[in-house]
Amino acid sequence: MASNTQHHELALPRLDGPVRLLAVVAPYYKDITDGLLQGVRATADAAGASLEVIEVPGALEIPTAVGLAHRSGQYDGFVALGCVIRGETTHYDTVCNDSSRALTLLGLQGVCLGNGILTVETLAQAQVRADPAGQNKGGGAAAAALHLVALARRWPRTEQTQGQGA
Ligand SMILES: Nc1c(NC[C@H](O)[C@H](O)[C@H](O)CO)[nH]c(=O)[nH]c1=O
Ligand SMILES: CC(=O)[C@@H](O)COP(=O)(O)O
């Protein structure tokens, strides 16, 4: 099955003022998340954004950590990094679906985040996608977060929307 390696990538957005990113990493497969994080660092550097990194045990804990960090008000955007590889049971579906859905719900509440949690069948598939010189999914997730930060600054909260959403 052909992978979708050829796709259009937006140029990084112009960002007014400093951007503070937090990467929330689940190093369940540490070699994989190390590659993802390399990609995040390169994209953050290219955008002039600061980057802080924290770790959680697994992908299911990432959304909670993002929510906790967001309510501190210390970060402008978040990058979720993890790797979920199918095992023998249906737990794979739970981990993939619940982590991604929770991140989507955070985004819909106004949290600027990129999802770099790989959901794959094999370690080899993960390696290609985590490689900064390969599909660079980590860099892509960081770019996604930066685009949303730019949009959040384009449409700041108003008096009417203060207190709504994240
Ligand atoms: N199987 C994988 C997991 N499982 C662990 C869960 O994410 C979670 O930490 C646990 O259920 C306790 O709440 N996590 C991954 O990141 N990748 C996997 O392949
Ligand atoms: C994705 C998972 O949760 C997986 O690692 C669990 O493996 P298994 O389904 O064999 O218990």
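Conventions used here
- Residues numbered from 1 in each chain as written.
- Chains lettered and ligands numbered in written order.
- Predicted model: local features only at pLDDT ≥ 70, side-chain atom pairs only at ≥ 80, totals over all residues.
- Heavy atoms only, no water.
- UniProt positions renumbered as here; feature names shortened; annotations may be inferred.
- Helix = DSSP H or I, 4+ residues; strand = E, 2+ residues; numbered from the N terminus.
- Contact = heavy atoms within 4.5 Å.
- Near = heavy atom within 4 Å.
- Polar contact = N/O pair within 3.5 Å; in protein donor to acceptor, adjacent residues only side chain to side chain.
- Nonpolar A, V, L, I, M, F, W, Y, C, P; charged D, E, K, R; others polar.
- Salt bridge = Lys/Arg side-chain N within 4 Å of Asp/Glu carboxyl O.
- Buried < 20%, exposed > 50% of the residue type's maximum accessible area, 1.4 Å probe, protein only.

By the naming in an unreviewed UniProt entry, the chain goes by 6,7-dimethyl-8-ribityllumazine synthase and is assigned to Paracoccus hibiscisoli. We quote the UniProt Pathway (unreviewed entry) comment for the chain here in full: "Cofactor biosynthesis; riboflavin biosynthesis; riboflavin from 2-hydroxy-3-oxobutyl phosphate and 5-amino-6-(D-ribitylamino)uracil: step 1/2."

On to the environment of leucine 113, then. Considering the arrangement of structural elements, one finds leucine 113 in strand E4 (residues 113–120). Spatially, the C-alpha atoms of leucine 113 and threonine 158 are 21 Å apart, while their sequence positions differ by 45 residues. Setting aside anything within four residues of it in sequence, one finds leucine 113 in contact with Val66, Phe78, Leu103, Leu106, Gly107, Ala145 and Leu148.

Attention now goes to the site of ligand 2. In the region of ligand 2, the neighbouring residues are Val84, Ile85, Gly87, Glu88, Thr89, His91, Tyr92 and Val95. Interatomic distance of 2.7 Å between a backbone N/O atom of glutamate 88 and an oxygen atom of ligand 2. In this structure, histidine 91 approaches ligand 2 through a side-chain N or O atom, which is 2.7 Å from an oxygen atom. Looking at the shell around ligand 2, the elements that each hand over two or more residues are strand E3 (77–85) and helix H3 (91–108). With 3 residues, the top contributor of residues to the shell around ligand 2 is H3. Tallied by class, the residues present in the shell around ligand 2 amount to 4 nonpolar, 3 polar and 1 charged.

Side chains that differ in sign of charge can pair as their charged atoms come close. For the structure shown, the criterion picks out 6 salt bridges. Between aspartate 76 and arginine 153 there is a salt bridge, with its nearest N and O atoms 3.6 Å apart. Note that aspartate 76 is positioned in the loop between helix H2 (62–70) and E3 and arginine 153 in helix H5 (residues 137–154), a separation of 77 residues in sequence. Overall, the relative accessible area of 22% leaves aspartate 76 in the partly exposed class. Relative accessible area serves as the criterion here: at 32%, arginine 153 is assigned to the partly exposed category. A salt bridge links aspartate 93 to arginine 86, with the nearest nitrogen and oxygen atoms 3.8 Å apart. With a relative accessible area of 32%, aspartate 93 lands in the partly exposed category. The structure contains a network of salt bridges with shared partners spanning Arg20, Asp76 and Arg153.

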